[in-house]
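Summary of structural features
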Amino acid sequence: MVEMTEASNILNNVTPRSLVLFDELGRGTSTYDGISIAWAIVEYLHEHPKAQARTLFATHYHELNEMEKNFSRIRNYNVSVKEVDGKVIFLRKLEKGGSEHSFGIHVAEIAGMPKSIVKRANVILQQLEAENAQVGKAGKPTAEIAQSREGMQLSFFQLEDPVLCQVRDEILGLDVNNLTPLEALNKLNDIKKIVSGK
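Residues numbered from 1 in each chain as written. Predicted model: local features only at pLDDT ≥ 70, side-chain atom pairs only at ≥ 80, totals over all residues. Heavy atoms only, no water.

1. Let's talk about the pairing of strand 3 (residues 77-84)
Condition: Any two strands with at least two DSSP bridges between them are considered paired. Per the convention used, a helix needs a DSSP run of H or I reaching at least four residues, while a strand needs a run of E reaching at least two, with both numbered from the N terminus.
Judged from the 7 bridges that link them, strand 3 and strand 4 (residues 87-96) form a sheet pairing that is antiparallel. Bridging from a neighbouring strand, Glu-83 pairs with Val-88 of strand 4. Here strand 3 folds back onto strand 4 in antiparallel fashion, the turn holding 2 residues, of which Asp-85 has a positive phi close to 50°.

Structure, rendered in structure tokens:
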């Protein structure tokens, strides 16, 4: 509601001297609702009989790239990236043309998201792309993805990370029924040292 109220205020007060900046408009709703609202707003700003305000519209809706073909004043630009060894490097350079890719999972990884979540997100993405599924639509594709989940505990212990393997081995080697509280605290401290690399 806040986003729509702000957008409404902009559109109802737009003038020929306006500079309109929209960032991810429609992100707070379903994919098709978001694309539809974003598309209609871009059309409105482009076709406004008097205002024709300069507008910067940042979006992850790749479908909006198509608008450049049919609207004379629309130009697509993207921030260039380079992929090296499966890693994405953001070059911070604006280039002509729309982006065909989203890098949400890469950004999540850069932000420090747990590796098990990043790995699982990549698996889900591959399944959705293979099925050409529509995210958020109930039915077979999402049901199959949910059934194929490994579960948090299993995926943690199945990771190939050597540090996690060492932590797993430390935990599995414990006889928790015969540890004193002090021994348990010492063992926890040992595991903390393994994880922190100290």
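2. Looking at the packing of aromatic side chains
The geometry of an aromatic ring pair is captured by the separation of the ring centres together with the interplanar angle, meaning the angle of the planes. Keep this limit in mind: Pairing of aromatic rings covers Phe, Tyr and Trp, the last through its six-membered ring, and needs centres within 6.5 Å; plane angles under 30 degrees mean stacked, over 60 mean edge-to-face, and all others mean tilted. We count a charge as sitting over a ring when the NZ of a lysine or the CZ of an arginine lies within 6 Å of the ring centre and within 35 degrees of the ring normal.
Summed over the entire model, instances satisfying the criterion amount to 2 aromatic pairs. The side chain of Lys-96 reaches across the aromatic face of Tyr-77, ending 5.3 Å from its centre.

3. Quick word on helix 2 (residues 31-47)
Structurally, the α-helix is built with 3.6 residues per turn, so residues lying three or four positions apart point the same way. Put simply, the rule reads: Expected helix span is taken as 1.5 Å per residue step, with the number of steps being one fewer than the number of residues. In this scheme, a residue with accessible area under 20% of its type's maximum is buried, one over 50% is exposed, and one in between is partly exposed, where area comes from a 1.4 Å probe on protein chains only. Here, the arc refers to the directions that run from the helix axis to the C-beta atoms. In this analysis, two residues are considered to be in contact whenever any of their non-hydrogen atoms come within 4.5 Å of each other.
Helix length check: helix 2, at 17 residues, gives a terminal C-alpha distance of 24 Å against a target of 24 Å (1.5 Å per residue), a fit within 8%. Regarding helix 2, the residues found buried are Gly-34, Ile-35, Ala-38, Ile-41, Val-42, Leu-45 and His-46. Taken end-on, helix 2 shows its buried residues confined to a sector of 135°, consistent with a single buried face. Of the surrounding secondary structure, the elements contacted by the buried residues of helix 2 are helix 1 (2-12), strand 1 (19-23), strand 2 (54-58) and helix 3 (67-70).

4. Details of the confidence of the model for the protein chain
Convention followed: Think of pLDDT as the predictor's per-residue confidence, scored from 0 to 100.
Mean pLDDT over the protein chain: 82, with 85% of residues reaching 70 or higher. By mean pLDDT, helix 7 (residues 152-158) is the weakest element of the protein chain at 47, and strand 1 is the strongest at 95. Confidence over residues 135-140 falls short of pLDDT 50; this stretch has 2 contacts with residues more than four positions distant or in other chains. Here residues 151-157 is modelled with pLDDT under 50, and outside its nearest four sequence neighbours on either side it reaches 4 contacts, counting other chains as well.

5. A few points about the pattern of salt bridges
Defined as follows: For salt bridges, the criterion is a side-chain nitrogen of Lys or Arg within 4 Å of an Asp or Glu carboxyl oxygen.
Under the counting rule described, the total for this entry stands at 5 salt bridges. Across the pair Glu-3 and Arg-27 runs a salt bridge whose closest N-O atoms are separated by 2.7 Å. Remark: Arg-27 occurs in the loop between strand 1 and helix 2 and Glu-3 occurs in helix 1; sequence separation between them is 24 residues. Judged by its relative accessible area of 19%, Glu-3 falls in the buried class.

6. Digging into unusual backbone geometry
If you check the backbone angles, Glu-24 has positive phi at about 55° while not being a glycine. Mapped onto the elements, Glu-24 comes out in the loop between strand 1 and helix 2. A positive phi angle is found at Arg-92, which is not glycine, with a value near 55°. Assessed through its relative accessible area of 76%, Arg-92 is described here as exposed.

7. Here we look at the packing of helix 8 (residues 162-172) against helix 9 (residues 181-196)
What counts is decided by this rule: For every element, the axis is a line fit to its C-alpha atoms; helices are fit only across the contacting stretch, and the angle between N-to-C directions ranges from 0 to 180 degrees. Should an angle fall under 35 degrees it is taken as roughly parallel, and over 145 as roughly antiparallel, whereas 65 to 115 is taken as roughly perpendicular and any remaining angle as oblique. Throughout, the ten residues Ala, Val, Leu, Ile, Met, Phe, Trp, Tyr, Cys and Pro are labelled nonpolar, Asp, Glu, Lys and Arg are labelled charged, and all others, Gly among them, are labelled polar.
Closest axis-to-axis distance for the helix 8/helix 9 pair is 9 Å, and the angle between their directions is 170°. On the basis of the axis angle, helix 8 is roughly antiparallel to helix 9. When helix 8 is examined against helix 9, the residues Val-163, Gln-166, Val-167, Glu-170 and Ile-171 are found in contact with a partner set consisting of Lys-187, Ile-191, Ile-194 and Val-195. Looking at the contact of helix 8 with helix 9, its residues break down into 6 nonpolar, 1 polar and 2 charged.

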